[in-house]
Amino acid sequence: MAQRPPDPSTEGYDPRADRNPPRVEENVPGVSDHEPIALRERLSLNRMGTFDWDLDTGFMDLDAGAMEVFDLRPGEYDGGPMSLISRVPPEEGTRLDAALAQALQDGNASYGAYFRVRCRDGTRRWTHSQGRILRDKDGVAYRVVGIVREATGELADSALLRSLQRERQRQTVMVQQTTAALARALSVADVTRVLTGPGGARRFGADGLVLGLVRNERFEIIAAAGMAGDVPDDMMNSRLDDTLPLSDAVRSRRPSFLGTRGELIARYPRLRPYVDLLPTGSAAFLPLVAQDTVIGALGLFSQEPAVHSQEARNLALALAGVVAQSVQRATLFDQEREFATGLQAAMLPRRLPPIAGGEVTVRYHPAGGGRDVGGDWYDVIALPQGRIGLVVGDVQGHDTHAAAVMGQLRIALRAYAGEGHTPETVLVRSSRFLAELETERFATCTYVQADLESGALHIARAGHLGPLICNSSRHTDWPEVRGGLPLGLATGFGQDHFPETQAFLEPGSTLLLCTDGLVEQPGRDISAGIDALSAAVRAGPADLDALADQLSAHLWAEPGSDDDMALLLLHRHAVPGEAATPRLRLHVHQADPAGTAEVRSALRRTLDQWRAGALTHNVEVVASELIANALTHTESGALVSVELLPGTPPRIRLEVEDRSSQWPRRRRPGETATSGRGLLLVEALADRWGAEPRGSGKALWCEFALPDASARSAD
């Protein structure tokens, strides 16, 4: 019969004193009143058990209490820790293993960890394990003994559980934000912008970071944020050794976590001269591993000292993995893009022919984003009789196939132009060439044949933006240039006709050709881009190269266009000693019924720039009559010129030239006559008029005095 324990002191503590707890029926079997309870029974009553783990043999002995904590029955456990996997989920097993491994690595005598057990009915409950590590005389761990206990009640409403939940939420947000930001990064430059931009370091739970990559067997820092100063030059590019933390992480492939700046300096004395640059708190140095290759390392710094928990370490390693994948993807993107843009650049002309009487400059920029390149191109072609051909075009698509088609089309068009064909013939043959290629791509194009000695421009376009002309007075105009369908499509539809338009480039004037990448932005009407280009040319510098750079920077690079861009500028030099006067020249073909209307439209735009006011109507009427006379009574077209002559007052001079030597004759039509009033209208509306011989033909001219400046301002 068991003996009763001795009576306690009368001053003993009784938790029932001064309380009135409810009476509850005992439901613990095998426990009787006032009977002594053995140790294992005591543990079992508190949902606790013991374990004894022999590290040499791998056998772990669990007592009955421990089996109950793990919700195991006899026969479900064979003494091997791996047989606990049925109750301990993998992520929780990783937590336990990491806690023990860290204690072994740090030489600690014990370890502890909270983890969850998956019960037989599928529910999960919190459990706590506490173990003592035993070591032999050589300091090698050989045995772990300890306890496991159910901790669900302990943690249910505790601050620790709430802290764990908040921490997990914070970590989830950090991973989501970092992954989302890096998912949009295409190039290595994009990755560095994400890491060093606003909130970049905070996405990693840090105050500062440094990123470096392995290049040519050396370690090169490519990004830093949140530091007290710039990274020293001798650390921007260094050898892969163990004297610096990031290169050490690359070399060893192991992360390191340090609680204070003092620990960092103690481990890496080479950093001592730069102690002021380093944050005062904790630091983590993480190798970036992608496809089992270390491609770089990431350093995270905090202002406050801290002991990195296992969850914090796991989070840091997970984020480093995200960065590693992003950097590797971005590196491949940069390599592919470099190849593609190099391919396209190789297909563009490397040298421009010398130009007598003027100068030309070109610009090409690949798309601002994405790996694909476009089919935009330009060309400047030396032609017979001192003329030059100017080409700007765009092959459909943004890929290497578009670049390849562009290269073939450019060579074909250059060959046709070099044979001296008219612009229309050049585009017709180019369209047929493209239609015969094994491709479904089409191309838009504008081709200009320019004679800088006379200033004559012969223009044909195929579904492309027409040219802009800026004269010496900085007035800009988009001449109306009729066009056809894009190259390839025109032939496919049997409409390979590209009507030619003649214009003139006066001395001191500049011609601009471009692709739509310069004037078109997503979500914006192209007319707004055209207006912006006109304004930029008017306000731009006189130097041609400076103007090209400014247009590229402010209209293409600054908004960050998603399209590539080709730009060509041709400037005709002013004649030395001759004052440049504002002038417009247009050619009307005899068989062109729309030519007169186009001249009137161009006249209105030009006279509006000269602020001619109400006089514009008179000039339009006279020009229409003179053009009609030339087309009706001669066998040639009409060359129309209008210029602004200086003087007091300034005058507008209109000339219509034809190839007939027959002199105009004034008639006196009757009341019922349907013609013969043209010269009477000219005489009535113009201040002066006359005719003069011109080579094989003649020119009819007339002048109109402009009203004074105040009257024009009132208009």
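Figured I'd write up the structure that's included with this text. Sequence positions are assigned chain by chain, starting from 1 and proceeding in written order. Where totals are concerned, whole chains, interfaces and linings use all residues; where local detail is concerned, this predicted model gives features only for residues with pLDDT of at least 70, and gives and counts side-chain atom pairs only at 80 or more. The side-chain values count all of the structure's non-hydrogen atoms but skip hydrogen atoms and water molecules.

## Comments concerning the pairing of strand β16 (residues 456-462)
The cut-offs for exposure are 20% and 50% of the maximum accessible area for each residue type, with area from a 1.4 Å probe on protein chains only; residues under the lower value are buried, those over the upper are exposed, and the others partly exposed. Here a strand is any run of E in DSSP of at least two residues, a helix any run of H or I of at least four, and the numbering for each starts at the N terminus. Burial runs high along β16: 5 of the 7 residues are buried. In this scheme, strands are said to pair when DSSP sees at least two bridges between them. Direction of pairing for strand β15 (residues 443-451) relative to β16: antiparallel, over a ladder of 7 bridges. From the neighbouring strand, Ala450 faces β16, where its bridge partner is Leu457. Two successive antiparallel strands, β15 and β16, enclose a turn made up of 4 residues, where Gly455 displays a positive phi of approximately 85°. Pairing analysis gives 4 bridges linking β16 to strand β20 (residues 501-504), with the strands arranged antiparallel. Its bridge partner being in β20, Ile459 is matched across the sheet by Thr501. When β16 meets strand β19 (residues 483-484), the two strands line up parallel, connected through 2 bridges. In the sheet register, Arg461 faces β19, and the bridge partner there is Gly483.

## Considerations on the packing of aromatic side chains
What counts as a ring pair is set by centres within 6.5 Å for rings of Phe, Tyr and Trp (its six-membered ring), and what kind of pair is set by the plane angle: stacked under 30 degrees, edge-to-face over 60, tilted for all other angles. Following the criterion strictly, the structure yields 2 aromatic pairs and no others. Ring centres of Phe285 and Phe301 lie 5.6 Å apart, and the angle between their planes is 75°; this geometry places the pair in the edge-to-face category. Here the residue Phe285 occupies a position in strand β10 (residues 283-290), and Phe301 occupies one in strand β11 (residues 293-301), the gap between them amounting to 16 residues. Over a ring means this: the NZ of a Lys or the CZ of an Arg is within 6 Å of the ring centre and within 35 degrees of the ring normal. When the ring centre of Trp126 is taken as origin, the NZ or CZ atom of Arg116, which lies over that ring, is 5.4 Å away.

## A few points about the sheet that holds strand β2 (residues 60-62)
Sheet architecture is open: 5 strands sit in the order β2-β1-β5-β4-β3, paired in antiparallel fashion. Single-partner strands in this sheet number two, and they are β2 and β3 (110-118). Pairs of neighbouring strands in the sheet enclose a mean axial angle of 20°, with direction left out of account. Bridging between β3 and strand β4 (residues 124-135) involves 9 bridges; their strand directions are antiparallel. Paired with Arg116 across the strands is Trp126, a residue of β4. Contacts from helix α3 (residues 90-106) reach β1 (48-54), β3, β4 and β5 (141-150) within the one sheet, and its direction differs from that of β3 by about 175°. Helix axes are fitted to C-alpha atoms over the stretch in contact, other axes to C-alpha atoms as well, and angles between N-to-C directions run from 0 to 180 degrees. Residue contacts are counted whenever heavy atoms from the two residues lie within 4.5 Å of one another.

## Quick notes on the nonpolar core
By convention a nonpolar core is built from buried Ala, Val, Leu, Ile, Met, Phe, Trp, Tyr and Cys residues, the set being connected through side-chain atoms within 4.5 Å. Core analysis: the biggest nonpolar cluster contains 50 residues, and Leu390, Leu427, Leu457, Leu487 and Leu570 have the highest contact counts within it. By residue number, the principal contributor to this core is helix α11 (residues 400-418), which donates 8 residues. In this structure Leu427 touches Leu413, Cys445, Tyr447, Ala460, Arg461, Ala462, Leu487 and Phe498, once residues within four positions along its chain are discounted.

## Observations concerning the pattern of salt bridges
The rule for a salt bridge is simple: a side-chain nitrogen of Lys or Arg has to be within 4 Å of a carboxyl oxygen of Asp or Glu. By the definition in use, this model includes 33 salt bridges. A salt bridge links Arg120 to Glu76; its shortest N-O distance comes to 3.0 Å. Here Glu76 lies in the loop between α2 (64-69) and α3 and Arg120 lies in the loop between β3 and β4, a separation of 44 residues in the sequence. In this structure Glu76 comes out as partly exposed when scored by relative accessible area, which is 33%. Look at the salt bridges and you will find they share partners, linking Arg651, Arg653, Glu655, Glu657, Arg688, Glu692, Arg694 and Glu703 into a network.

## A word on empty space enclosed by the protein
Grid points spaced at 1 Å over the protein atoms alone were grouped into cavities, where a 1.4 Å probe fits but cannot get out, and pockets, open sets with protein on both sides within 12 Å along at least five of seven lines, with lining residues defined by an atom within 4 Å of a point. Grid points are joined across faces, edges and corners, and a volume is the space filled by probe spheres set on the points. Under the criterion given, the structure shown has 2 cavities of 30 Å³ or more. Space inside the largest cavity adds up to approximately 360 Å³. Lining the largest cavity are 31 residues, with Asp477, Pro479, Leu584, Arg585 and Leu586 positioned closest to its centre. Elements with a contribution of two residues or more to the lining of the largest cavity: β18 (476-477), β20, β23 (583-588) and α16 (595-609). The leading source of residues in the lining of the largest cavity is α16, at 7 residues. Only Asp, Glu, Lys and Arg are considered charged in this grouping, and only Ala, Val, Leu, Ile, Met, Phe, Trp, Tyr, Cys and Pro are considered nonpolar; every other residue, Gly among them, is considered polar. In the lining of the largest cavity, the residues fall into 10 nonpolar, 11 polar and 10 charged. By volume, the second largest cavity is sized at about 280 Å³.

## Quick notes on the sheet that holds strand β12 (residues 358-365)
Read across the open sheet, the 5 strands follow the order β12-β22-β21-β17-β18; overall the sheet is antiparallel. What marks the edges here is a single partner per strand, and that holds for β12 and β18. Here 5 bridges tie strand β21 (residues 510-514) to strand β22 (residues 565-572), and the two strands are oriented antiparallel to one another. Along β22, the bridge assignment pairs Leu511 with Leu570.

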